[in-house]
Amino acid sequence: MRDLNEYSNCLVFGASDGIGHNVTQQLLAAGNFVIGTYHRDRSGHLDALKTLQDEHNERLHLLSVDITRESQLAAAFERIRKLRPTLNLVMNCTGLLHDDTVLQPEKRLEDVSADNLARAFAVNSSAPLLIARYALPLLRHDGPGVIANLSARVGSIGDNRIGGWYAYRAAKAAQNMITRTLSIELQRRNMTTICVGLHPGTVDTALSRPFQKHLQAGQLHTPEQAAADLLHVIRGLDAGDSGKVFAWDGSEIPP
């Protein structure tokens, strides 16, 4: 298992959200250089993130990026390349299940809409693929390289036993297929970069808050613990793990 500080140059998407914010904190505590992105401050962590930047001087750089806009991603990676010519860890901690208006997990087929499907796929599927596309040149080196996207157990086709949540399930299933397909291409291009999906469990963040009331004791993870668990999984990855999806406890989730 690698030490966390071996991932010396890190890029964290969603660094102002609950899990991403704690991932950023823990990477900095290990001595790593971190570039963190944010878009909307849904979790109220942006001020804390900027305070963290003040505390760590030149080891934390912040970028405002809408990951659903390819032009913004392309421009962000131009700036990232000037900050660091190589990356060791690209961790995408973003995800979209619902919002404060019309986007909600579907309970029945009549709840499905084209607009909500498009939004779910833009954040949960298209963005991870575009992030990988622009990150690839910075992952061409001999050191450790990992692309990790927050996935979800509900994106497992084989594990779907209760239905519902069409857009989110389908978008996360598509993300898992992207992870698998990317792992094959990376191998063909003789790159040592590992790409995985990571399921953090049910975490006390804005994404899960409307769905917490029926959880049993011990099922709800804090963002701090979730970040530590996910980074622990990343530290233990090897080449044979590329293309897979792992839960917070290291167990593999079936496609």
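Worth saying up front: this structure is predicted, and the values here are computed from it rather than measured.

Caption draft 1: Broad picture of the overall build of the protein. Within the protein, the regular secondary structure consists of 6 helices and 9 strands. The C-alpha radius of gyration computed for the protein amounts to 17 Å, which stays within 12% of the reference 18 Å derived for 255 residues, consistent with globular compactness. For the protein, the C-alpha atoms occupy an extent of roughly 50 × 40 × 40 Å along the three principal directions. Taking all 255 residues of the protein together, the buried fraction comes to 49%. Taking the intrachain contacts of the protein between residues at least 6 apart in sequence as the baseline, contacts between residues at least 24 apart amount to 73%. Carbon and sulfur atoms provide 49% of the accessible area of the protein, an area that totals close to 12,500 Å². Averaging the positions of the 26 positive and the 27 negative side-chain charges in the protein gives two centres separated by 4 Å.

Caption draft 2: Structural detail: the nonpolar core. Counting residues in each nonpolar core, the largest one holds 34 residues, and the members touching the most others are Val-23, Leu-27, Leu-89, Met-91, Leu-198 and Ile-234. When residues in this core are grouped by element, the largest group, 6 residues, is from helix α6 (residues 223-235). The residues touching Leu-89, leaving out its near neighbours within four places in the chain, are Tyr-7, Asn-9, Cys-10, Leu-11, Leu-27, Val-146, Leu-231 and Ile-234. Residues Phe-13, Ala-76, Ile-131 and Ala-135 belong to the second largest nonpolar core, which totals 29 residues.

Caption draft 3: Structural detail: the packing of helix α4 (residues 114-135) against helix α5 (residues 166-188). Where α4 contacts α5, the axes come no closer than 8 Å and their chain directions differ by 15 degrees. By the angle class used here, α4 and α5 are roughly parallel. α5 is crossed by α4, and the crossing has right-handed handedness. Along its contact with α4, which presents Asn-116, Leu-117, Ala-120, Phe-121, Asn-124, Ser-125, Pro-128, Leu-129 and Ala-132, the element α5 presents Ala-167, Tyr-168, Ala-170, Ala-171, Lys-172, Ala-174, Gln-175, Ile-178 and Leu-182.

Caption draft 4: Fine view of the sheet that holds strand β4 (residues 89-92). A sheet is described by the order of its strands in space; here 7 strands give the open sequence β3-β2-β1-β4-β5-β6-β9, paired in parallel fashion. Of all the strands in the sheet, the pair left with one neighbour each is β3 (60-64) and β9 (245-247). Averaged over all adjacent pairs, the angle separating strand axes in this sheet is 20 degrees, with direction ignored. Relative to β4, strand β1 (residues 9-13) is paired through 4 bridges, and the arrangement is parallel. Directly across from Phe-13, in β4, lies its bridge partner Asn-92. With respect to the sheet, helix α2 (residues 46-56) is in contact with β2 (33-38) and β3, its orientation differing from that of β3 by roughly 145 degrees. Sheet strands touched by α6: β4, β5 (146-150), β6 (194-199) and β9. Its angle to β4, the strand with the most contacts, is close to 140 degrees.

Caption draft 5: Here's a closer look at the layout of surface pockets. Each pocket or cavity is described by its volume, and for the second largest pocket that value is around 270 Å³. Lining the second largest pocket are 14 residues; nearest its centre among them are Asn-176, Met-177, Arg-180, Gly-243 and Pro-255. Of the residues forming the lining of the second largest pocket, the biggest block, 4 residues, is contributed by α5. Partitioning the lining of the second largest pocket into residue classes produces 7 nonpolar, 4 polar and 3 charged.

Caption draft 6: Local environment of empty space enclosed by the protein. Overall, the coordinates contain 2 cavities of 30 Å³ or more when judged by the stated rule. Taken as a whole, the largest cavity holds about 50 Å³ of empty space. Around the largest cavity, the lining residues are Leu-96, Leu-97, Leu-103, Gln-104, Pro-105, Glu-106, Ala-120, Ala-167 and Tyr-168. Looking at side-chain class alone, the lining of the largest cavity contains 7 nonpolar, 1 polar and 1 charged residues. Here the second largest cavity defines a volume of roughly 30 Å³. Lining the second largest cavity, in full, are Pro-128, Ile-147, Asn-149, Ile-178, Thr-179, Leu-182 and Cys-195. Sorting the residues of the lining of the second largest cavity by element identifies β5 and α5 as the ones contributing at least two each. The leading source of residues in the lining of the second largest cavity is α5, at 3 residues. When the residues that make up the lining of the second largest cavity are grouped by side-chain class, the tally is 5 nonpolar, 2 polar and no charged.

Reading guide: rules and limits
- Residues numbered from 1 in each chain as written.
- Predicted model: local features only at pLDDT ≥ 70, side-chain atom pairs only at ≥ 80, totals over all residues.
- Heavy atoms only, no water.
- Helix = DSSP H or I, 4+ residues; strand = E, 2+ residues; numbered from the N terminus.
- Rg over C-alpha atoms; globule rule 2.2 N^0.38 Å.
- Buried < 20%, exposed > 50% of the residue type's maximum accessible area, 1.4 Å probe, protein only.
- Contact = heavy atoms within 4.5 Å.
- Areas by Shrake-Rupley, 256 points an atom, 1.4 Å probe, with all protein chains shown as cover.
- Lys, Arg positive; Asp, Glu negative; His and termini not counted.
- Charge placed at Lys NZ, Arg CZ, Asp CG, Glu CD.
- Core = buried A, V, L, I, M, F, W, Y, C linked by side-chain atoms within 4.5 Å.
- Axes fitted to C-alpha atoms, helices over the stretch in contact; angles between N-to-C directions.
- Parallel < 35°, antiparallel > 145°, perpendicular 65-115°, else oblique.
- Left-handed = near helix turned anticlockwise from the far one by under 90°.
- Pairing = 2+ DSSP bridges.
- 1 Å grid on protein atoms, 1.4 Å probe; cavity = no way out; pocket = protein on both sides within 12 Å on 5 of 7 lines; lining within 4 Å.
- Points joined across faces, edges and corners; volume = space filled by probe spheres on them.
- Nonpolar A, V, L, I, M, F, W, Y, C, P; charged D, E, K, R; others polar.

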